[in-house]
Amino acid sequence: MKRIYMDYSATTPVKQEVLDAMLPYFTEHFGNASSIHGYGQDAKKALEASRATIAGTIGAPADTFYFTGGGSEADNWALKGVMKANKNKGNHLITCKIEHHGILHTCETLEKEGFEVTYLDVDSEGMISLETLEAAIKPSTVMISIMFVNNEIGTMQPIAEIGKIARKHGLIFHTDAVQALGNVRINVDELNVDLMSFSAHKIYGPKGIGGLYIRKGIKIQNLIEGGAQERKRRAGTENLPGVVGFAKAAEIANENLDAHIEKLTYLRDRLVKGILESVEYSKSNGHPTLRHPGNVNVCFEFIEGEALLLSLNAKGIAGSSGSACTSGSLDPSHVLMSIGLPHEIAHGSLRLSLGDFNTEEEVDYAVESLVEVVHKLRMMSPLYDKVKGGK
Ligand SMILES: *Cc1c(COP(=O)(O)O)cnc(C)c1O
């Protein structure tokens, strides 16, 4: 059976050109970038060229970009590092309820250590309110961390405006841009951002490598202690194949950004339209227009998300659900709860995230399959029976 991947927000395949760029750094150019000899010099050169490439795609000077072991580490570093280094200014951090767990769990840890965190609500489309944000600022506030693009419902926050508010009040502004990179044009100055988290495996690069942009002058403590790598800010021998792959992926994403956005937006709109038109009791989640070009998140009433995923998987379609049953918890995702969906509806949610290798045929097949699968599952639902029986 042909398999169709529609889970690009979970991870992406490494593109062939990216792999080709990486391979020599496992074998011929295997040197440690800290070594003095030729092997080390070659590694160092590739490391700094990669840094410049990635920084260039976000309009940042090369020496403000630091490599990390992924997006989660960048999120941890930004929050823990800034809050701990700026204790003299205060202990308050403002974030929002639909952040990635890389942010939310880090905030919980900070709270246990005596820091204070405000978690802003979002509206039914997943947007924070700028007025509520500004009202939450107090004399002890040090930092604002609001994600750029949500990984579940795709909603894009007004980052430049949030940055303006941060500037106006002299606050440090971090954004988790893991889902934004490669899907929206990014310029750290135009967005008024001080720190930004990235991950390579969401943009057709390898897993286990990411980065943190840190504006010059921002005080931040180290998270990983040890050697003097990354200008003494992030210890550990550099993951050079990862670094080179990340740079290649960022370069490709940047060159093809407009075409990528246009293609995904077309496929996404076709998919959503197809689903909403042909499946009754279905609803699209997230913002209608200010959203990730490839993100589709839909709720189906009288359906259990896990059953839906398994049935779709049987038809070769790989998606993901908004319910967290697989992780041992019965609660639906914190994101779907935050946009105000009732439990039972949040449980029937499906995320299909599209990427560069999807086609129109696949989208049409997904709609067809969904119609079939949803119908079959509803036939087994006593609740649906009741609703239909009453008609
Ligand atoms: C995937 C993701 C992360 C985590 O990145 P990793 O490299 O997997 O650690 C953080 N934030 C968002 C929004 C993500 O989508």
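Calculation rules
- Residues numbered from 1 in each chain as written.
- Predicted model: local features only at pLDDT ≥ 70, side-chain atom pairs only at ≥ 80, totals over all residues.
- Heavy atoms only, no water.
- Salt bridge = Lys/Arg side-chain N within 4 Å of Asp/Glu carboxyl O.
- Helix = DSSP H or I, 4+ residues; strand = E, 2+ residues; numbered from the N terminus.
- Buried < 20%, exposed > 50% of the residue type's maximum accessible area, 1.4 Å probe, protein only.
- Pairing = 2+ DSSP bridges.
- Core = buried A, V, L, I, M, F, W, Y, C linked by side-chain atoms within 4.5 Å.
- Domains from an automatic or database assignment.
- Contact = heavy atoms within 4.5 Å.
- Buried area = accessible area lost by both parts, 1.4 Å probe.
- Polar contact = N/O pair within 3.5 Å; in protein donor to acceptor, adjacent residues only side chain to side chain.

A.B. asks: Sorry, what's going on with the pattern of salt bridges here?
C.D. replies: Charged atoms that come close allow side chains of opposite charge to pair. Under the defined criterion, the tally for this structure stands at 22 salt bridges. Here Glu 134 ties to Lys 168 by a salt bridge, and the two come within 2.5 Å at their closest N and O atoms. Taken as a pair, Glu 134 in helix α5 (residues 130-136) and Lys 168 in helix α6 (residues 159-168) lie far apart in primary sequence, 34 residues in all. Between Lys 315 and Glu 372 there is a salt bridge; the shortest N-O distance is 2.8 Å.

A.B. asks: Can you walk me through the pairing of strand β10 (residues 295-300) in this structure?
C.D. replies: Across a regular strand the side chains alternate sides, sitting on one face of the sheet and then on the other. Burial analysis of β10 places 6 of its 6 residues in the buried class, the great majority of the element. Residues Asn 295, Asn 297 and Cys 299 line one face of β10 and the alternating positions Val 296, Val 298 and Phe 300 line the opposite face, and both faces are buried. Judged from the 3 bridges that link them, strand β9 (residues 282-284) and β10 form a sheet pairing that is antiparallel. Residue pairing in the sheet places Ser 282 in a bridge with Phe 300 of β10. Pairing geometry for β10 and strand β13 (residues 349-353), over 5 bridges, is antiparallel. Its bridge partner lying in β13, Asn 295 is registered against Ser 353.

A.B. asks: Please explain the nonpolar core as it appears in this structure.
C.D. replies: Buried together is how nonpolar side chains tend to be arranged in soluble globular proteins. Ranked by size, the top nonpolar core spans 66 residues in total, and within it Ile 58, Ile 144, Phe 148, Ile 186, Met 196, Phe 198 and Phe 246 carry the most contacts. By residue number, the principal contributor to this core is helix α8 (residues 240-255), which donates 8 residues. A domain split of this core shows at least three residues from each of domain 1 (4-12 + 257-387) and domain 2 (16-255). Residues in contact with Ile 58, not counting those within four places in the same chain, are Phe 65, Leu 181, Ile 186, Asn 187, Val 188, Phe 198 and Tyr 213. Judged by nonpolar contacts, the second largest core, of 26 residues, contains Val 298, Phe 300, Leu 354 and Ala 366.

A.B. asks: I keep staring at the domain arrangement of the protein chain and nothing clicks. Help me out?
C.D. replies: Parsing the protein chain into structural domains produces domain 1 (4-12 + 257-387) and domain 2 (16-255). Relative to domain 2, the C-alpha centre of domain 1 lies at a distance of 29 Å. Across the boundary between the two partners, domain 1 contributes 31 residues, which contact 33 residues of domain 2. Buried area between domain 1 and domain 2, both sides added, is near 2500 Å², and the carbon and sulfur share of it is 52%. Sorting the residues of domain 1 by area buried against domain 2 places Thr 12, Leu 257 and His 334 first, and these three jointly supply 26% of that buried surface. Taken together, domain 1 and domain 2 are joined by 1 salt bridge. Here Arg 185 ties to Asp 258 by a salt bridge, and the two come within 3.5 Å at their closest N and O atoms. Taken together, the connections running from domain 1 to domain 2 amount to 22 residue pairs in polar contact (both at pLDDT 80 or more). Mapped onto the side of domain 1 that touches domain 2, the elements with two or more residues apiece are α9 (257-278), β10 and α11 (334-338). Element by element, the count of residues in the side of domain 1 that touches domain 2 is highest for α9, at 5 residues.

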